[in-house]
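If you want the building blocks of each chain, they are given just below.
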Amino acid sequence: MATDPRVHALRMSEYGIPKRLRGLRLNTSDAPWKSECQEWVDNLRDHYVTDKRPLDQYPEDWSQIGKGLLFLGPPGTGKTSLATATLLECYFEQRVPVYFLAYADYVSMSIEQMSLSDRKEPEAIARWWEIEDALNSARTAPVLLLDDVGKEHRTKSGYAENELDVLLRLRHREGRPTLITSNVPPKDWGVIYHESMGSFIQESFHMIKMVGSDRRAA
């Protein structure tokens with residue numbers, strides 16, 4: 001994609017990509033699972049729905065539409081780095097808008113937005129819309145990277161668990177694939193989140209199971 005580097009920098013900021021991760025690409029990754037990620041990127045346009053593409057031009061097997069990648073593994077195995085490299089390939093290689101957001105931030109912003117709903121001060125209104133832009137990007141971006149699912153603060157109300165269920169099902173229903181990084185084993189998703197979430201992630205995500213020692217401790 002031949003675009004002014006300044007434009008790329010602005011888009012990286014707009015897409016929420018952390019500065020330290022903006023240079024990641026699959027072709028420079030040493031992760032053993034990068035070929036699986038590249039194959040997914042190569043077939044990306046069969047994974048998400050766009051108004052610009054007639055429905056009869058999609059594969060007959062609609063089960064792949066909206067299907068994302070779930071990066072699983074212990075801390076320090078490079079999940080966020082590999083997932084971000086995959087996300088950036090979607091942008092650079094497939095020219096698809098993307099968005100990056102830690103799920104803990106999604107939850108905290110949702111709660112903050114509710115607290116601002118009745119405020120009339122200009123600063124509060126501006127902050128409400130700032131949050132709305134971020135949350136709407138998470139809902140509507142063609143490809144979303146939801147980082148560190150499982151590290152969000154959970155309460156007895158089940159708010160964080162409900163929000164995850166709603167967000168992931170909305171995106172899948174609308175044909176927008178999601179990339180997720182998490183330390184939560186597949187068998188625990190139905191326990192920590194809604195019971196049906198265990199089967200949902202099995203059906204709606206290709207799993208990248210990452211193993212190895214903690215790179216951050218090296």
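Residues numbered from 1 in each chain as written. Predicted model: local features only at pLDDT ≥ 70, side-chain atom pairs only at ≥ 80, totals over all residues. Heavy atoms only, no water.

This part is about the nonpolar core. Counting residues in hydrophobic clusters, the biggest one holds 31 residues, and the most contacted among them are Leu146 and Trp189. If you list the elements that add at least two residues to this core, you get strand E1 (68–72), strand E2 (98–102), helix H4 (103–116), helix H5 (122–140), strand E3 (143–149), helix H6 (159–173), helix H8 (197–204) and strand E5 (205–209). (Core = buried A, V, L, I, M, F, W, Y, C linked by side-chain atoms within 4.5 Å. Buried < 20%, exposed > 50% of the residue type's maximum accessible area, 1.4 Å probe, protein only. Helix = DSSP H or I, 4+ residues; strand = E, 2+ residues; numbered from the N terminus.)

Now for empty space enclosed by the protein. Which parts of space are left empty comes out when a probe the size of a water molecule is rolled across the atoms. Here the structure, examined in full by the defined rule, presents one cavity of 30 Å³ or more. Forming the boundary of the largest cavity are Gly66, Gly68, Leu168, Arg171, His172, Arg176, Thr178, Phe200, Ser204 and Phe205. Of all the elements in the fold, those that place two or more residues in the lining of the largest cavity are H6 and H8. Across the lining of the largest cavity, the residue classes tally to three nonpolar, five polar and two charged. (1 Å grid on protein atoms, 1.4 Å probe; cavity = no way out; pocket = protein on both sides within 12 Å on 5 of 7 lines; lining within 4 Å. Points joined across faces, edges and corners; volume = space filled by probe spheres on them. Nonpolar A, V, L, I, M, F, W, Y, C, P; charged D, E, K, R; others polar.)

Moving on, we get to the pattern of salt bridges. Tallied over the entire structure, the rule returns nine salt bridges. For Arg154, the salt bridge is made with Glu152, and the minimal N-O distance between the two is 3.2 Å. Assessed through its relative accessible area of 32%, Arg154 is described here as partly exposed. The exposure class assigned to Glu152 is buried, which follows from its relative accessible area of 4%. Where Arg169 meets Asp165, a salt bridge forms, and the shortest distance between an N and an O atom there is 3.0 Å. Separated by four residues within a single helix, Arg169 and Asp165 lie in helix H6, roughly one turn from each other. (Salt bridge = Lys/Arg side-chain N within 4 Å of Asp/Glu carboxyl O.)

Okay, the packing of helix H1 (residues 5–14) against helix H3 (residues 79–92) next. Two numbers describe how H1 lies on H3: the axes approach to 13 Å, and their chain directions differ by 130 degrees. Classed by the angle they form, the pair H1 and H3 counts as oblique. At the point where H1 passes H3, the crossing takes the right-handed sense. Residues His8, Arg11 and Met12 of H1 form the contact with H3, whose participating residues are Leu88, Tyr91 and Phe92. Residues of the contact of H1 with H3, tallied by class, amount to four nonpolar, one polar and one charged. (Axes fitted to C-alpha atoms, helices over the stretch in contact; angles between N-to-C directions. Parallel < 35°, antiparallel > 145°, perpendicular 65-115°, else oblique. Left-handed = near helix turned anticlockwise from the far one by under 90°. Contact = heavy atoms within 4.5 Å.)

What follows covers H8. Those residues of H8 lying buried are Met197, Gly198, Phe200, Ile201 and Ser204. Each buried residue of H8 lies within a common arc of 165 degrees when the element is viewed along its axis, so the set occupies one face. Contacts made by the buried residues of H8 are with E1, H6, helix H7 (186–192) and E5. (Arc of directions from axis to C-beta.)

The next subject is the sheet that holds E1. The five strands lie next to each other as E2-E3-E4-E1-E5, forming an open sheet whose pairing is parallel. Single-partner strands in this sheet number two, and they are E2 and E5. Each strand axis lies, on average, 15 degrees off the axis of its neighbour in the sheet, ignoring direction. Bridging between E2 and E3 involves five bridges; their strand directions are parallel. Note that in E3 the partner of Phe100 across the bridge is Leu145. Sheet strands touched by helix H2 (residues 34–42): E1, E3, strand E4 (178–182) and E5. Its angle to E1, the strand with the most contacts, is close to 165 degrees. Sheet strands in contact with H4 are E2 and E3, and its direction is about 80 degrees off that of E2. (Pairing = 2+ DSSP bridges.)

Keep in mind these values describe shape, not function.
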